[in-house]
Amino acid sequence: MVLSKFYTKSTTLIVINLITISIYFVAQPVLREIYSPEDFGFYDLIIKTATIFSAILSLKLEKLLPSETRINTFYNIVFGVILLLFSMTLLLTILLKKTLSKTLIIDNIWLILIVAVLLAFNQALKLIAVDNSKTVKFGLSAFLKRSLEIITNLTITKYGLILGEVVGNITSIFYLRPSKIKISFRKTLSYLSDYRGNVFYNFFPEILITISTAIPSLLIYSKFSLESVGLYEMTDKFIYLPLVLLANPIGIMILDFFSKNELGEKNKVFYKVLITNFLASLFIGLLIYFSIEYIINTFFGNQWLEVVEMVKTLVPFLVLRVFVAPFGQVLVARRFLKMFSIIQAIRFILLLSLSIPDYENLSQFVKYLTVSQSGFYIFMLTAIILTLNRNEGSSHMQ
């Protein structure tokens, strides 16, 4: 019964995400004609940087929503943190902007902060919907966001990619907003003080995950060009979208389920979902490997041909990432936050080490990235299983 409910929720999200992604993919050939690799490179750098800022603004407290039972309407604390830290960041930016060297990031800092605060609120609201068992509403918010984003991309061609992200997030925020919002900055500061240990051990691995996701794009920009970032952005789409389709919904359901159910039920679900997710991940990886050349040659221009070999190179990383990544949420739900932090710190160090070699071209960088991250996800899965088995053994002894 419990497992059936878990699969029903996950399947609902996956179906809605599949429809959303299908719409997105249908629009891609047109978007890749309208916008150049440099345009997509600029968009990717802005969004990746804004995502880092959004994690800082929320302290990723939304991840505690399913398990935080000590405070009613905990989302008001999350909103309070976002507003407080956004105000502080805005003030610091105003004071320091003139003293900082001119770079692409600094020149667009206001745009980055606007996108960041929208991302922070939207992510929190999505997890509130899941916590309240509003699975369909959560899925539909992504559908609305993506639809409005694409319409904006197609109709406003100057800065349309970034404006689409802004319009899409605003639409999702209005759709998901709770009926009662009562923010108390006194209660917010009190929570941060009283539970600072939990806040830190939740935030530390989450900010490492967020920065780690941005590192490849930032390294490519520093070593190659904005056009190379754009080519990698398209390559990453074929790697990232299966994560959105399969891994993210399962990860969110795992976080919710493992936060609320008994130990015996949890362990049964863990291994069954593990096997199911592996088979699904393998199927997706093989499908992409054998279809990517046809997709690029048929629907996209010659300027995107380099993407074919890069996607094929990254398929092992794709399979392992989609397979393993959702199960990191088991450690969050079971409050093994120190172990989760150690795992994410190792990933961060491995990615940062990619800045050391000199690469002949972008393809060589992608090969190094595949080896590094495939090895990491094998290690991550091993660490999760060993941690859970050790904890289960301790529980039986007690």
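Source: prediction; values computed, not measured.

Cut-offs used in this document
Residues numbered from 1 in each chain as written. Predicted model: local features only at pLDDT ≥ 70, side-chain atom pairs only at ≥ 80, totals over all residues. Heavy atoms only, no water. Helix = DSSP H or I, 4+ residues; strand = E, 2+ residues; numbered from the N terminus. Areas by Shrake-Rupley, 256 points an atom, 1.4 Å probe, with all protein chains shown as cover. Salt bridge = Lys/Arg side-chain N within 4 Å of Asp/Glu carboxyl O. Buried < 20%, exposed > 50% of the residue type's maximum accessible area, 1.4 Å probe, protein only. Core = buried A, V, L, I, M, F, W, Y, C linked by side-chain atoms within 4.5 Å. Phe/Tyr/Trp six-rings, centres within 6.5 Å; stacked < 30°, edge-to-face > 60°. Axes fitted to C-alpha atoms, helices over the stretch in contact; angles between N-to-C directions. Parallel < 35°, antiparallel > 145°, perpendicular 65-115°, else oblique. Contact = heavy atoms within 4.5 Å. Nonpolar A, V, L, I, M, F, W, Y, C, P; charged D, E, K, R; others polar. pLDDT = per-residue confidence, 0-100. Expected span 1.5 Å × (residues − 1). Arc of directions from axis to C-beta. Patch = residues over 30% accessible without salt bridge, like charges linked within 9 Å, V, L, I, M, F, W, Y side chains within 5 Å. Lys, Arg positive; Asp, Glu negative; His and termini not counted. Charge placed at Lys NZ, Arg CZ, Asp CG, Glu CD. Polar contact = N/O pair within 3.5 Å; in protein donor to acceptor, adjacent residues only side chain to side chain.

Draft legend 1. Spatial organisation of the overall build of the protein. Looking only at helices and strands, the protein has 15 helices and 0 strands in total. For the protein, the accessible surface area stands at approximately 18,200 Å², while carbon and sulfur atoms represent 66% of it.

Draft legend 2. Main features of the pattern of salt bridges. A full pass over the atoms with the stated rule returns 10 salt bridges. Close ionic contact of arginine 32 with glutamate 233 constitutes a salt bridge, the shortest N to O distance being 3.0 Å. Here arginine 32 is found in helix 1 (residues 2-34), whereas its partner glutamate 233 is found in helix 10 (residues 226-260), with 201 residues between them in sequence. Comparing arginine 32 with glutamate 233, the two get one shared label, buried. In this structure, lysine 102 engages aspartate 107 in a salt bridge whose closest nitrogen and oxygen atoms are separated by 3.7 Å.

Draft legend 3. Representation of the nonpolar core within the structure. Within the largest apolar cluster, 107 residues are counted, with the highest numbers of intra-cluster contacts made by Leu61, Ile296 and Ile384. Top element by residues in this core is helix 5 (residues 109-131). It accounts for 15 residues.

Draft legend 4. Fine view of unusual backbone geometry. In this structure, leucine 59 takes a positive phi of about 55° despite not being glycine. Checked against the element boundaries, leucine 59 lands in the loop between helix 2 (37-58) and helix 3 (75-96). A residue is classified by how much of its surface remains accessible, and leucine 59, at 15% relative accessible area, is buried. Backbone geometry places lysine 60, a non-glycine residue, at a positive phi of 55°. Classification of lysine 60 as buried rests on a relative accessible area of 12%.

Draft legend 5. Representation of the packing of aromatic side chains within the structure. In this structure the tally under the stated criterion is 16 aromatic pairs. With centroids separated by 6.3 Å and ring planes inclined at 90°, the aromatic side chains of tyrosine 294 and phenylalanine 299 adopt a geometry described as edge-to-face. Plain terms: the ring middles of phenylalanine 317 and tyrosine 377 are 6.1 Å apart, the flat faces sit at 25° to each other, and that makes the pair stacked. Remark: tyrosine 377 occurs in helix 15 (residues 362-397) and phenylalanine 317 occurs in helix 12 (residues 307-324); sequence separation between them is 60 residues. Accessibility classification places phenylalanine 317 together with tyrosine 377 in one group, the buried group.

Draft legend 6. Expanded view of the packing of helix 2 against helix 3. Remark: helix 2 packs on helix 3, axes separated minimally by 7 Å, with the N-to-C direction vectors making an angle of 120°. Regarding the angle of helix 2 to helix 3, the classification is oblique. Counted together, Phe53, Ile56, Leu57 and Ser58 of helix 2 and Val81, Ile82, Leu85, Phe86 and Thr89 of helix 3 form the full contact between these two elements. When the residues that make up the contact of helix 2 with helix 3 are grouped by side-chain class, the tally is 7 nonpolar, 2 polar and no charged.

Draft legend 7. A look at the environment of valine 307. Here valine 307 lies in helix 12. For the pair valine 307 and tyrosine 232, spaced 75 residues apart in sequence, the C-alpha separation works out to 7.4 Å.

Draft legend 8. Highlighting the confidence of the model for the protein. For the protein, per-residue confidence averages 84 on the pLDDT scale, and residues scoring 70 or more make up 84% of the total. Across the protein, element-level confidence peaks in helix 2 with a mean pLDDT of 95 and bottoms out in helix 13 (residues 328-333) with 69.

Draft legend 9. Examining the environment of valine 311 more closely. With respect to the helices and strands, valine 311 occurs in helix 12. Residue valine 311 is classed as buried on the basis of its relative accessible area, which comes to 0%. Valine 311 sits 73 residues away from phenylalanine 238 along the chain, and the two C-alpha atoms are 7.1 Å apart.

Draft legend 10. The arrangement of helix 14 (residues 337-352) in detail. Here helix 14 spans 22 Å end to end across 16 residues, near enough to the 22 Å set by a 1.5 Å rise per residue. Residues Leu337, Phe340, Ser341, Ile343, Gln344, Arg347, Phe348 and Leu351 constitute the buried set of helix 14. In a view along the axis of helix 14, the buried residues occupy a sector of 165°, so they form one face of it. For helix 14, the exposed residues lying more than 90 degrees away from the buried face are Lys338 and Ile349.

Draft legend 11. Quick look at a nonpolar patch on the surface. Residues Ile275, Phe278, Leu279, Leu282, Leu286, Tyr289 and Phe290 make up a contiguous nonpolar surface patch of about 710 Å² in total accessible area. Judged by its relative accessible area of 45%, leucine 286 falls in the partly exposed class.

Draft legend 12. Region of interest: a negative patch on the surface. Residues Glu38, Asp39, Glu227 and Glu306 make up a contiguous surface patch of negative charge. If you trace the backbone, glutamate 306 turns up in the loop between helix 11 (263-299) and helix 12.

Draft legend 13. Region of interest: the packing of helix 2 against helix 7 (residues 160-176). Here helix 2 crosses helix 7 at 35°, and the two axes come no closer than 9 Å. Here Asp39, Phe40, Phe42, Tyr43, Ile46 and Ile47 of helix 2 come into contact with helix 7, specifically with Leu161, Ile162 and Glu165. Class assignment for the residues of the contact of helix 2 with helix 7 results in 7 nonpolar, no polar and 2 charged.

Draft legend 14. Spotlight on the environment of serine 212. Mapped onto the secondary structure, serine 212 falls in helix 9 (residues 196-223). Relative accessible area serves as the criterion here: at 1%, serine 212 is assigned to the buried category. Excluding anything up to four places from it in sequence, serine 212 contacts Arg347, Phe348 and Leu351. Within the local environment of serine 212, its side chain forms a polar contact with the backbone oxygen of leucine 208, the two atoms lying 2.6 Å apart.

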